[in-house]
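Observations on chain architecture
In case you want the letters, here they are:
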Amino acid sequence: MVKNVISLYKKIDGPLLEQINLSDFQIQISYTDKLESITLRTDETRNDSFYINEHDPEWNPNLDNMVLSVSFTINNPSALFGTTGVTSLKNKIGIASKIHSKQSNFQEIKTHQIISSDISELSVKIDLTLLKGMLKGEFNLDLFFYIAEINERLPWQADQLGMIVSQGPIISFSFLVDGDGSDFPITEFQEPKGALWRFEKDWVAADEDIFEASNVRLALNTSHPLFEQIKNGKTRVSIKLMNDIITQFISLIVQQVILIEGFSIEDAENATDNSILRMVQYWVTTYNIDTSTIYSITNSINKNMQISMTTGEVK
């Protein structure tokens, strides 16, 4: 439903946004993995979606913290002030960020740099840390302007601290950490004499149920002697072991969905977004999985997943 909203005070619209001239937009996604700090950069423009595991299939939202670094330049911030702007020359405008996710039932708003009318150009740098396990599925990051300091009130302009003066977010992007292009959910359990890991399946319909921990999980046994090795991944052997577990886990899901439940890759076109079937479609097409038999699934995943994990390419 389209909602018509009439603002009682002036906000930053398209023409004014063009006047302040935002440029040099960049986003960096970094995290500390098991061996080193990795920074992912993209040349995408704003208002795009980022499928994090397409950049690095090893990143897992349940095990790794993430740092989002956003930078851009405001080439003419003075256009925001005065009678033709959104607030008086004597006031100040702030930049704020909002991270929100319906699937995680999460929302966080933070304030950042302050702009005054005497600034001719401003380089903005925003760093946000998302703790492991905080988010799942899709989450969004919006940046907007707000009134940070009031020393003079002008007619038809925002007159209260904290009032948002952006007509919608000035920059908005979404991230997907479960679903298409994503890694899989990992949880933990304790069983002193149990296996190192287990496959946990709770989905009912692969074409409807979302690919997240409530429906399917790779559960790691914290009581197993090898748990700390694969969690910290400090040796090549431990990394190889974790990669083998990932490969087996994916193989089990593909076998269950394609061979046992009888879905085809073509069925994914009509499946729910971020569903388990959509995830299987992503794996099959990305890693060239032969779904003819149990053996062909296992062998092709083992071959192509290992090549991808080692070189970043699939043959």
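Going by the structure above, here's the rest.
In this report, the structure presented in the accompanying data block is examined. Remember, predicted model here, so these are calculated numbers, not experimental data. (Residues numbered from 1 in each chain as written. Predicted model: local features only at pLDDT ≥ 70, side-chain atom pairs only at ≥ 80, totals over all residues. Heavy atoms only, no water.)

**Points about the overall build of the protein chain**
Of regular secondary structure, the protein chain possesses 6 helices and 12 strands. Here the protein chain holds 315 residues, and the buried ones make up 46% of them. Carbon and sulfur atoms provide 47% of the accessible area of the protein chain, an area that totals close to 16,200 Å². (Helix = DSSP H or I, 4+ residues; strand = E, 2+ residues; numbered from the N terminus. Buried < 20%, exposed > 50% of the residue type's maximum accessible area, 1.4 Å probe, protein only. Areas by Shrake-Rupley, 256 points an atom, 1.4 Å probe, with all protein chains shown as cover.)

**Observations concerning the environment of Ile 147**
Checked against the element boundaries, Ile 147 lands in strand β8 (residues 138-149). Ile 147 sits 61 residues away from Val 86 along the chain, and the two C-alpha atoms are 9.2 Å apart. Aside from chain neighbours lying at most four places away, what touches Ile 147 is Thr 87, Lys 92, Ala 158, Gln 160, Leu 161, Gly 162, Met 163 and Val 165. (Contact = heavy atoms within 4.5 Å.)

**A closer look at the pattern of salt bridges**
Under the criterion given, the structure shown has 8 salt bridges. Note that Lys 110 is salt-bridged to Glu 108, the shortest N-O span being 3.9 Å. Here the residues in one salt-bridge network are Glu 191, Arg 198, Glu 200, Asp 202 and Arg 217, joined through shared partners. (Salt bridge = Lys/Arg side-chain N within 4 Å of Asp/Glu carboxyl O.)

**Overview of the sheet that holds strand β12 (residues 216-221)**
Read across the sheet, 3 strands follow the order β10-β12-β11 without closing on themselves; strand pairing throughout is mixed. The open sheet is flanked by β10 (186-189) and β11 (197-201), the only strands paired with a single partner. Strand-to-strand twist across the sheet, computed as the mean angle between neighbouring axes with direction ignored, equals 35°. As defined by bridge partners, β11 adjoins β12 across 5 bridges and the pair is classed as antiparallel. Following the sheet pairing, Lys 201 is matched in β12 by Val 216. Set on the sheet, helix α4 (residues 236-260) makes contact with β10, β11 and β12; between it and β11 the angle comes to about 25°. (Pairing = 2+ DSSP bridges. Axes fitted to C-alpha atoms, helices over the stretch in contact; angles between N-to-C directions.)

**Side note on the nonpolar core**
In this structure, Leu 68, Phe 72, Ile 74, Leu 80, Leu 141 and Phe 145 are the most contacted members of the largest nonpolar core, which totals 39 residues. Elements with a contribution of two residues or more to this core: α1 (14-20), β1 (22-32), β4 (66-74), β5 (92-101), β6 (106-116), β7 (122-130), β8 and β9 (171-176). If we ignore the near neighbours within four places in the chain, the residues touching Leu 80 are Ile 12, Leu 16, Ile 20, Gly 85, Val 86, Thr 87, Ile 93, Ile 115 and Phe 145. By size, the runner-up hydrophobic cluster in this structure holds 36 residues, among which are Met 242, Ala 271, Tyr 282 and Val 284. (Core = buried A, V, L, I, M, F, W, Y, C linked by side-chain atoms within 4.5 Å.)

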